[in-house]
Amino acid sequence: MMDKLNVLLLGGGGREHAMAWKMAQSPLLSQLYIAPGNGGTSEVGTNLPFGDSDFEAMKLAIIEKNISLVIVGPEAPLVKGVREFIENDDAIKHVKIVGPGAEGAQLEGSKAFSKAFMQRHNIPTARYGEFNGEQIESAKVFLSEFNPPYVLKADGLAAGKGVLIIDDRAEAELALEDMLLGGKFGAAGNKVVIEEFLKGIELSVFVLTDGNDYLILPEAKDYKRIGEGDSGLNTGGMGSISPVPFADAAYMEKVKQTIVEPTISGLKKDNISYNGFVFVGLMNVDGEPIVIEYNSRMGDPETESVMPRIKNDFLEILWNCGNQTLKNSKIEVDERTAACVMLVSGGYPEDYEKGKVMSGVEANAQTLAFHAGTTLKEGKLLTSGGRVIAFTSLANNLEDALSLSYNKIAEVKFDGMYYRTDIGFDLK
Ligand code: AMP
Ligand code: GLY
């Protein structure tokens, strides 16, 4: 039998709590560390007090805790080159990592890179053009070729705020000027992608690849807007459902043939060695899956409904991925439906207060609690972020799973608490 593993998970949101919760159940695990973690991850592992992109602190922890596997939760450390940092340091290069190198992470880090990648490999995506500040006039001409609404995307990472969807052409032209000439979104907006608006229902598809083989994890749908009926500002995500009824076996086969296979083979053709998650955000347009974007990580809050549906040992799968032996893994999926509802701080995604005392958050037999923005201070659980905590329940159908989650939420209290009461409304 192999030695048990000491694992370091980078990140501190609901996604990381869900992954930590799942890995903690593995017989392969010795010690699980999460950096920086949150008030929930400390229930299933040990939080380490450094940020997810503090590579020097990470190196010391890897050595001191005898870590053999690093799992990267969020995109920032990937884009910043955490893989290269580990691989190029003699003291820690033996450590296995799940998370792509900086070049592969450009699938998420640069919209222009990912659009060109999709075009090069014939992966279905919205028609687009890419423009810099010197091309403002041709950008406006290109814009005029589309019908409203207009979709403008800052090329770089903009904390989830870099996509603008605008109905009015004059307003869209102003936004283009703001981004390309006015420094809106900073350097991320120095280049802009203009693309065709896609009408349909969104779906999140998750692929884990070691560069050769891949596994498709359970799909999910998330609810990004703050308000009921998908209204109001975009957020990190207010809830998620898995599975998604329209994504049946035939649909997922189409996703596999037209998107997943060409993505994995495209990475190989481009000599981008990619080890980690590929999150395909797609739009179902009249039954056809069209890619909106790639992310180089798992989704949040999708992970909070995906992890509970994975029946077998996820740490073993990740270890095989890190070792490039993913062909030895398969994935066993619970047929039941998972419904995840996120509680957020009043005011989010705009200004909100932190440090509110929380009560009634404990998981029960029907419902899991995944902490996002929480922290433990002198024995008290306090809010520490916009998205605070997610509750996920599994049941034989969507209605029952949702009822279980909402019943649990009725017990939870903190000042300013807000959540959507209509998660899953469009799938019923
Ligand atoms: P992103 O920040 O790239 O996740 O995009 C934010 C959201 O904008 C997506 O989840 C979609 O809801 C929407 N979106 C992005 N591109 C398009 C498009 N071409 N057509 C319609 N909606 C889009
Ligand atoms: N829930 C969408 C994301 O993680 O980007």
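Quick look at the structure, then.

What counts, and where the lines are drawn
Residues numbered from 1 in each chain as written. Chains lettered and ligands numbered in written order. Predicted model: local features only at pLDDT ≥ 70, side-chain atom pairs only at ≥ 80, totals over all residues. Heavy atoms only, no water. Helix = DSSP H or I, 4+ residues; strand = E, 2+ residues; numbered from the N terminus. Rg over C-alpha atoms; globule rule 2.2 N^0.38 Å. Buried < 20%, exposed > 50% of the residue type's maximum accessible area, 1.4 Å probe, protein only. Contact = heavy atoms within 4.5 Å. Areas by Shrake-Rupley, 256 points an atom, 1.4 Å probe, with all protein chains shown as cover. Lys, Arg positive; Asp, Glu negative; His and termini not counted. Charge placed at Lys NZ, Arg CZ, Asp CG, Glu CD. Near = heavy atom within 4 Å. Polar contact = N/O pair within 3.5 Å; in protein donor to acceptor, adjacent residues only side chain to side chain. Nonpolar A, V, L, I, M, F, W, Y, C, P; charged D, E, K, R; others polar. Salt bridge = Lys/Arg side-chain N within 4 Å of Asp/Glu carboxyl O. Core = buried A, V, L, I, M, F, W, Y, C linked by side-chain atoms within 4.5 Å. Pairing = 2+ DSSP bridges. Axes fitted to C-alpha atoms, helices over the stretch in contact; angles between N-to-C directions. Parallel < 35°, antiparallel > 145°, perpendicular 65-115°, else oblique. Left-handed = near helix turned anticlockwise from the far one by under 90°.

Turning to the overall build of the protein chain, a few remarks are in order. When helices and strands are tallied, the protein chain shows 12 helices and 22 strands. Here the protein chain has a C-alpha radius of gyration of 21 Å; the compact-globule value for 428 residues is 22 Å, and the two agree. For the C-alpha atoms alone, the extent of the protein chain along its principal axes is close to 60 × 50 × 45 Å. The burial tally for the protein chain puts 57% of its 428 residues in the buried class. The long-range fraction of contacts in the protein chain, counting pairs at least 24 apart against all pairs at least 6 apart in sequence, stands at 70%. Of the roughly 17500 Å² of accessible surface on the protein chain, 47% is carried by carbon and sulfur atoms. Averaged over its 42 positive side-chain charges, the protein chain has a centre that lies 2 Å from the centre of its 60 negative ones.

Following Asp300, the chain continues to Pro301 via a peptide bond in cis, the omega torsion being 25°. Structurally, Pro301 is set in the loop between strand 17 (288–295) and helix 10 (302–306). Following Tyr348, the chain continues to Pro349 via a peptide bond in cis, the omega torsion being 10°. Positive phi outside glycine occurs at Asn66, with the angle close to 55°. By the element assignment, Asn66 lies in the loop between helix 2 (55–64) and strand 4 (69–72). Despite not being glycine, Gln324 has its phi angle at roughly 60°, a positive value. Tracing the backbone through its elements, the reader meets Gln324 in the loop between helix 11 (314–322) and strand 18 (337–344). You can call Gln324 partly exposed: its relative accessible area is 49%.

Lining the immediate environment of ligand 2, one finds Asp222, Gly236, Phe279, Asn295, Arg297, Gly299, Asp300, Pro301 and Glu302. In this structure, Asp300 approaches ligand 2 through a main-chain N or O atom, which is 3.0 Å from an oxygen atom. For ligand 2, the protein covers 88% of the area, taking 200 Å² as the surface of the free molecule. Split by residue class, the shell around ligand 2 holds two nonpolar, three polar and four charged.

So, about the pattern of salt bridges. Counting across every chain of the model gives 26 salt bridges. Between Glu293 and Lys111 there is a salt bridge, and its shortest N-O distance comes to 3.5 Å. Here Lys111 lies in helix 6 (residues 111–120) and Glu293 lies in strand 17, a separation of 182 residues in the sequence. By relative accessible area, which is 14% here, Lys111 ends up buried. The partner of Arg387 in a salt bridge is Asp300, and the shortest N-O contact between them spans 3.8 Å. Of this pair, Arg387 sits in strand 22 (residues 387–395) while Asp300 sits in the loop between strand 17 and helix 10, and the two are 87 residues apart along the sequence. In this pair, the class of Arg387 matches that of Asp300, namely buried. Each of the salt bridges in this network shares a partner with another, and the network as a whole consists of Glu75, Glu108 and Arg297.

The class for Pro301 is buried, based on a relative accessible area of 0%. Sequence-wise, Pro301 and Lys224 are 77 residues apart; in three dimensions their C-alpha atoms are separated by 9.5 Å. Residue contacts for Pro301: discarding those within four places in its chain leaves Asp222, Gly236, Gly237, Met238, Gly239, Ser240, Cys340, Met342 and Arg387.

All right, on to the nonpolar core then. Grouped together as the largest cluster of nonpolar side chains are 88 residues, with contacts concentrated most on Val7, Ile71, Phe277, Phe314 and Leu318. Of the residues forming this core, the biggest block, seven residues, is contributed by helix 9 (residues 249–269). Leaving out residues up to four positions away in the same chain, Phe277 has contacts with Met19, Val98, Val207, Leu208, Leu217, Asn295, Ser296, Arg297, Met298, Phe314 and Leu318. Counting 22 residues, the second-largest nonpolar core is a separate cluster that includes Phe50, Met58, Ile67 and Val95.

Of all 10 residues in helix 1 (residues 14–23), 10 are buried; the element is thus mostly enclosed. Regarding helix 1, the residues found buried are Gly14, Arg15, Glu16, His17, Ala18, Met19, Ala20, Trp21, Lys22 and Met23.

What follows deals with the sheet that holds strand 18. Across the sheet, which stays open at both edges, the five strands sit in the order 12-15-18-22-19 with antiparallel pairing between neighbours. Whereas interior strands pair on both sides, the edge strands pair on one side only; in this sheet they are strand 12 (221–222) and strand 19 (367–371). Relative to strand 22, strand 18 runs antiparallel, the two being bridged by eight bridges. Among the inter-strand pairings, Leu343 is bridged to a residue of strand 22, identified as Ile389. Relative to the sheet, helix 12 (residues 398–409) contacts strand 15 (239–242), strand 18, strand 19 and strand 22, its axis offset from that of strand 22 by approximately 140°.

We now examine the packing of helix 7 (residues 136–144) against helix 8 (residues 169–180). The geometry of helix 7 relative to helix 8 is characterised by a closest axis approach of 11 Å and an angle of 150° between their N-to-C directions. When the interaxial angle is binned, helix 7 and helix 8 end up roughly antiparallel. As for the relative orientation of helix 7 and helix 8, their crossing is right-handed in sense. Contact residues: helix 7 offers Ile136, Ala139, Lys140, Leu143 and Ser144, while helix 8 offers Arg169, Ala172, Glu173, Leu176, Glu177 and Leu180. Grouping the amino acids of the contact of helix 7 with helix 8 by side-chain chemistry returns six nonpolar, one polar and four charged.

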